[in-house]
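Examination of the molecular architecture
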Amino acid sequence: MSQLATDNASTQDRVIVKKNVKPVTSYLWPALVYVLLILGVIIVVVPLMWAFAASFTPNHKVFEYAYPFSWRALFPVNFTMEAYDNLFERGFGRAVGNTFFLAIATVIIGGAANALAGFAFGRFEFRGKQFLFLAAIMLTFMVPVDLTAIPRYILVNNFGWINTWQGLLVPGLANSLVIFLFRQFFAEIPQELIDAARVDGASWLRVLVSIILPISKPVLVAAGLLMFISQWNSFFWPLLIAPRQEMRVVQVEISLAIGQYGTVWNELLAGSMIAAIVPILLVMPFQRYYVQAITGTGLE
């Protein structure tokens, strides 16, 4: 009996040891994931570091340490503010102000219009609703924006809006993706909440402004970010509709560094750094609201 008990105890000990020993793959897989993440960070960060350093480098020395690549390429060896000085002397500050004005106006006016459209699609029932939603909203996801440039240009030209602020602003107010976000979010709000407000005598506009919008912070922030970044990065339409110097936007002003006989690389990279830092500073503090809105509307 004592021998049998000893054998059982040793068997149980071996079983416990086997349970505590993890397979090698359980360590290799996380290690591989971390290695891939580190490589991804390097692939993304190193070019940005080089572009930032090159923007503070004289134009004739931008590629001095890039081919072949050297660690000195990541640091401005011959530090100079020449590229930034040339940009702002040429009117880059005015372009930044123009773009800010257009982006903020798009967020305010376009946000209100898109919220009303999303509320109508999300809470009302009317004839042709599904067809209109599919045709006017969903199908536009599959149509590139540049494909509609010619008919939009003809329409704007007929209104006499060439080289005007309304020509730059109005065509970009309606955003099908933003309408879809509002529609999905508003459709999830309990009907009882709206019915209670209607029983108390609130109009539909009062319901939207006082009941729905205050609890829609994630989708409001996400919609604002999408519209702001879309307007901030706009290039083809402003170049087409408002080529006048006083109305140039950031992306058009940056493109002027690419000339017929050569490219001023340090000015191109300096402008790109300024243009990139604004969306980054906006997205970082509001990232959690953006994620909440995307996951809450089923776009993940």
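Look above for the structure.
Here is a short report on the structure shown in this document. (Residues numbered from 1 in each chain as written. Predicted model: local features only at pLDDT ≥ 70, side-chain atom pairs only at ≥ 80, totals over all residues. Heavy atoms only, no water.)

Concerning empty space enclosed by the protein
Think of a ball as big as a water molecule: rolled over the atoms, this probe shows where empty space is left. The full count for this structure, using the stated rule, is one cavity of 30 Å³ or more. Considered as a void within the structure, the largest cavity measures approximately 100 Å³ in volume. Looking at the largest cavity, it is lined by 15 residues, and the ones nearest its centre are Thr57, Lys61, Val62, Tyr65 and Phe75. Here the residues of the lining of the largest cavity sort into 10 nonpolar, two polar and three charged. (1 Å grid on protein atoms, 1.4 Å probe; cavity = no way out; pocket = protein on both sides within 12 Å on 5 of 7 lines; lining within 4 Å. Points joined across faces, edges and corners; volume = space filled by probe spheres on them. Nonpolar A, V, L, I, M, F, W, Y, C, P; charged D, E, K, R; others polar.)

Some remarks on the nonpolar core
Note on soluble globular proteins: their nonpolar side chains tend to be buried together. One finds Trp50, Tyr84, Phe92, Trp232, Val250, Ile254 and Leu269 to be the most contacted residues of the largest nonpolar core, which totals 26 residues. Looking at this core, the elements that each hand over two or more residues are α2 (25-54), α3 (82-89), α4 (92-123), α11 (217-232), α13 (250-255) and α14 (265-296). Tallying contributions element by element places α14 first for this core, with seven residues. No fewer than three residues from each of domain 1 (2-79) and domain 2 (86-295) sit in this core. Setting aside residues no more than four positions away along its own chain, Leu269 makes contact with Trp50, Ala51, Ala54, Ser55 and Val62. In this structure, Ile194, Ala197, Ala202 and Val219 belong to the second largest nonpolar core, which totals 17 residues. (Core = buried A, V, L, I, M, F, W, Y, C linked by side-chain atoms within 4.5 Å. Buried < 20%, exposed > 50% of the residue type's maximum accessible area, 1.4 Å probe, protein only. Helix = DSSP H or I, 4+ residues; strand = E, 2+ residues; numbered from the N terminus. Domains from an automatic or database assignment. Contact = heavy atoms within 4.5 Å.)

Considerations on unusual backbone geometry
Positive phi outside glycine occurs at Asn163, with the angle close to 60 degrees. Relative to the helices and strands, Asn163 resides in the loop between α6 (149-159) and α7 (165-169). Residue Asn163 is classed as partly exposed on the basis of its relative accessible area of 23%.

Describing the packing of helix α9 (residues 191-199) against helix α10 (residues 204-212)
Put simply, α9 and α10 touch, their axes get as near as 10 Å, and they point 125 degrees apart. With respect to their mutual orientation, α9 and α10 come out oblique. α10 is crossed by α9, and the crossing has right-handed handedness. Only Trp204, Val207, Ile211 and Ile212 of α10 make contact with α9, whose side of the interface consists of Leu193, Ile194, Ala197 and Arg198. Grouping the amino acids of the contact of α9 with α10 by side-chain chemistry returns seven nonpolar, no polar and one charged. (Axes fitted to C-alpha atoms, helices over the stretch in contact; angles between N-to-C directions. Parallel < 35°, antiparallel > 145°, perpendicular 65-115°, else oblique. Left-handed = near helix turned anticlockwise from the far one by under 90°.)

Points about the packing of α4 against α11
The contact between α4 and α11 brings their axes to 8 Å, and the two run at 145 degrees. When the axes of α4 and α11 are compared, the crossing they make is right-handed. Across the interface between the two elements, Val96, Thr99, Phe100, Leu102, Ala103, Ile104, Thr106, Val107, Gly110, Gly111 and Asn114 of α4 pack against Gly224, Met227, Phe228, Gln231 and Trp232 of α11. Looking at the contact of α4 with α11 residue by residue, the classes come out as nine nonpolar, seven polar and no charged.

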